[in-house]
Amino acid sequence: MHSLSSPSISVLWNGKKTSSFFPKRGLRQGDPLSLYLFVLCLEKLGAMITGAVQEGRWEPFRLPQGGPSISHLFFVDDILLFVKAKPSQVRFMVDLL
C-alpha cells in the first residue's frame, strides 16, 4: 500500500531525467491522462509479446488447419493472452507480465 500512496515521479525530458517529485494528487479513474497511460502500457506489452513470439519463447495458440496464430488481443478495457497449454508457457507469461 505504501507504493500506491507515496509514489515519486521522474520524467525524461529531451533524453535527460528530471529530478524526482511527489505528486500532490493521484491519477483517478476517468482522468484523461489515464487513457494515454493505458495505451502506452499496452503498446509496450504488445511489443514485448511480439518479441517473445519472434524469439520462440512465447508459443501462441494456433488455429487448426493452417489458420493464423494468436498471441494476444487488446480491447478498450480487456486483454486476452493466448499461449500453448503448457505449464512452462504459463510461467513464462506470468514472468513477462
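The name an unreviewed UniProt entry gives the chain is Reverse transcriptase domain-containing protein, with Cajanus cajan as the organism.

S.K.: How should the overall build of the chain be read in this particular structure?
M.R.: Each helix and strand counted, the chain has three helices and six strands in total. Among the 97 residues that make up the chain, the fraction classed as buried is 13%. In the chain, once contacts between residues fewer than 6 apart in sequence are set aside, the share between residues at least 24 apart is 33%.

S.K.: Would you explain the pattern of salt bridges in this entry?
M.R.: Charged atoms that come close allow side chains of opposite charge to pair. The final tally for this structure, using the stated rule, is three salt bridges. Between E55 and R57 there is a salt bridge, with the nearest N and O atoms lying 2.7 Å from each other. The exposed category is assigned to E55, whose relative accessible area is 55%. Classification of R57 as partly exposed rests on a relative accessible area of 41%. Between K86 and E59 there is a salt bridge whose closest N-O contact spans 3.1 Å. Taken together, the positions of K86 in the loop between β6 (79–81) and α3 (87–96) and E59 in the loop between α2 (32–55) and β3 (61–62) put the pair 27 residues apart, joining distant regions of the chain. Taking the relative accessible area as the measure of exposure, K86 reaches 35% and is therefore partly exposed. Looking at E59, the relative accessible area reads 21%, which means it is partly exposed. Among the charged side chains, a salt-bridge network with shared partners connects E59, K84 and K86.

The rules behind each value
Each chain carries its own residue numbering, running from 1 in the written order of its sequence. With the structure being a predicted model, the display of local features is reserved for residues of pLDDT at least 70 and the display and counting of side-chain atom pairs for 80 or more, all residues being used for whole-chain, interface and lining totals. Calculated side-chain values reflect all of the structure's heavy atoms, with hydrogen atoms and water omitted. Secondary structure elements follow DSSP: runs of H or I of four or more residues count as helices, runs of E of two or more count as strands, with numbering from the N terminus. Throughout, exposure labels follow a simple rule: accessible area from a 1.4 Å probe, protein chains only, divided by the maximum for the residue type, with under 20% read as buried, over 50% as exposed, and the rest as partly exposed. It only takes one pair of heavy atoms within 4.5 Å for two residues to be counted as in contact. Basic side-chain nitrogens of Lys or Arg form a salt bridge, by our definition, when they fall within 4 Å of a carboxyl oxygen of Asp or Glu.

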